[in-house]
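Structural characterization, general
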Amino acid sequence: MKEIFMKEALKEAQKAYDKLEIPVGAVIVKDGKIIARAHNQKEIKLDTTKHAEILAIQKASKKLKSWRLLDCEMYVTLEPCSMCAGAIINSRIKKVYIGTMDEKTGVVGSIFNLFKDYKFNHNVEFETGILKEECEDILKRFFKELRKAKKVGGKWNAKSFTHINYSFNNCCYRFYSSNVNIKIWWKGWRKYAF
Ligand SMILES: [Zn+2]
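Remember, predicted model here, so these are calculated numbers, not experimental data. (Residues numbered from 1 in each chain as written. Predicted model: local features only at pLDDT ≥ 70, side-chain atom pairs only at ≥ 80, totals over all residues.)

Attention now goes to the overall build of the chain. Of the regular secondary structure elements, the chain holds 7 helices and 5 strands. Element order for the chain, N to C, with α for helix and β for strand: α-β-β-α-α-β-α-β-β-α-α-α. For the chain, the residues scored as buried account for 32% of the 194 residues in total. Across the chain, the fraction of contacts at a sequence separation of at least 24, relative to all contacts at a separation of at least 6, is 55%. (Helix = DSSP H or I, 4+ residues; strand = E, 2+ residues; numbered from the N terminus. Buried ≥ 20, exposed ≤ 12 C-beta atoms within 10 Å, placed from the backbone. Contact = placed C-beta atoms within 7 Å.)

If you want it as structure tokens, here you go:
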């Protein structure tokens, strides 16, 4: 069951990947059903708070018409950062299932453990290593492509990559609205860009 829900979180991570966002996905489950799903949208929204976990919490709260996500469980492909871990505690989520760890910014065991080492008015249970390889693999693939994009002919740097990101997203919206199969177009675009 855990793997099934983590697979759904991975589908969300793939959506982020396809938008050139760092591929992190999250789903929130209540009574064995997914009530919210989201992926990282920091670049596309130009907003550092648009992490998958925060967006999933917002959607679940809307659905339950409450900020208290009692008896809810979150499945997230990457270890939460301090901002998201704080939001998880405040939203009263019961348990968090984590795919892979984030040694640089993760606060559920990597840098420290916000769910274990500190006392809050709500304790969040957690479990790590759910579909670890898959969750790690999608991130590795993403950063490999990013490095490649930065290298090609010295022409691509972080700035041009960001620029591509914006133009790509703009095109994306246009294509979505005209109902063109974005997947086919995306594959073609990637061939051209990398
Ligand atoms: Zn976060």
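Once you've had a look at it, read on.
As a further point, take helix α3 (residues 52-64). Helix length check: α3 (13 residues) gives 18 Å between terminal C-alpha atoms against 18 Å at 1.5 Å per residue, within 8%. Within the sequence span of α3, burial applies to Ala 52, Glu 53, Ile 54, Leu 55, Ala 56, Ile 57 and Ala 60. Positive phi appears at Lys 65, one or two residues downstream of α3, with a value of about 55 degrees. (Expected span 1.5 Å × (residues − 1).)

In spatial order, the strands read β2-β1-β3-β4-β5; together these 5 strands make up an open sheet with mixed pairing. The sheet is open, and its two borders are formed by β2 (33-39) and β5 (125-127), each paired with just one other strand. The sheet shows a mean angle of 20 degrees between the axes of neighbouring strands, direction not considered. By the bridge criterion, 5 bridges tie strand β1 (residues 25-30) to strand β3 (residues 72-78) in an arrangement that is antiparallel. Of the residues in β3, the one forming a bridge with Ile 28 is Met 74. Each of β1, β2, β3 and β4 (95-100) touches helix α1 (residues 2-18); the most contacted strand, β1, lies at about 140 degrees to it. On the sheet, α3 packs against β1, β2 and β3 and is oriented at approximately 140 degrees with respect to β2. (Pairing = 2+ DSSP bridges. Axes fitted to C-alpha atoms, helices over the stretch in contact; angles between N-to-C directions.)

When a strand is regular, its side chains alternate between the sheet's two faces. Sheet topology places β1 next to β2; 6 bridges connect them, and they run antiparallel. From the neighbouring strand, Ile 28 faces β2, where its bridge partner is Ala 36. Where β1 folds back onto β2 in an antiparallel hairpin, the turn is made up of 2 residues, including Asp 31, whose phi is positive at roughly 50 degrees.

Across the 6 residues that make up β4, a large majority, 5, are buried. In this fold, β3 hands off to helix α4 (residues 82-90), which returns the chain to β4; that crossover is right-handed. (Right-handed = clockwise from strand over helix to strand, strands pointing away.)

Here we take up the packing of α1 against helix α5 (residues 132-151). Where α1 contacts α5, the axes come no closer than 11 Å and their chain directions differ by 5 degrees. Judged by the inter-axis angle, α1 sits roughly parallel to α5. Residue-level contacts link Leu 10, Ala 13, Gln 14 and Tyr 17 of α1 to Glu 134, Cys 135, Ile 138 and Phe 142 of α5. For the contact of α1 with α5, a count of residues per class yields 6 nonpolar, 1 polar and 1 charged. (Parallel < 35°, antiparallel > 145°, perpendicular 65-115°, else oblique. Nonpolar A, V, L, I, M, F, W, Y, C, P; charged D, E, K, R; others polar.)

For the rest of this paragraph, the subject is the confidence of the model for the chain. Interpretation of the predicted coordinates at a detailed level should be avoided for regions scoring low in pLDDT. In this model, the chain carries a mean pLDDT of 86, and residues with pLDDT of at least 70 account for 78%. Note on residues 153-159: pLDDT under 50 across the span, and 6 contacts to partners over four residues away in sequence or across chains. Contacts for the low-pLDDT stretch residues 172-181, under 50 throughout, to residues beyond four places or in other chains number 7 contacts. (pLDDT = per-residue confidence, 0-100.)

One non-glycine residue, Leu 20, adopts positive backbone phi at about 60 degrees. Structurally, Leu 20 can be placed in the loop between α1 and β1.

Packing of α3 against α4 brings their axes to within 9 Å, and their N-to-C directions diverge by 25 degrees. Overall, the two elements α3 and α4 adopt an arrangement that is roughly parallel. By crossing handedness, the relation of α3 to α4 is classed as left-handed. On the side of α3, the interface is formed by Glu 53, Ile 54 and Ile 57, while α4 contributes Cys 84, Ala 87 and Ile 88. Its residues assigned to classes, the contact of α3 with α4 comprises 5 nonpolar, no polar and 1 charged. (Left-handed = near helix turned anticlockwise from the far one by under 90°.)

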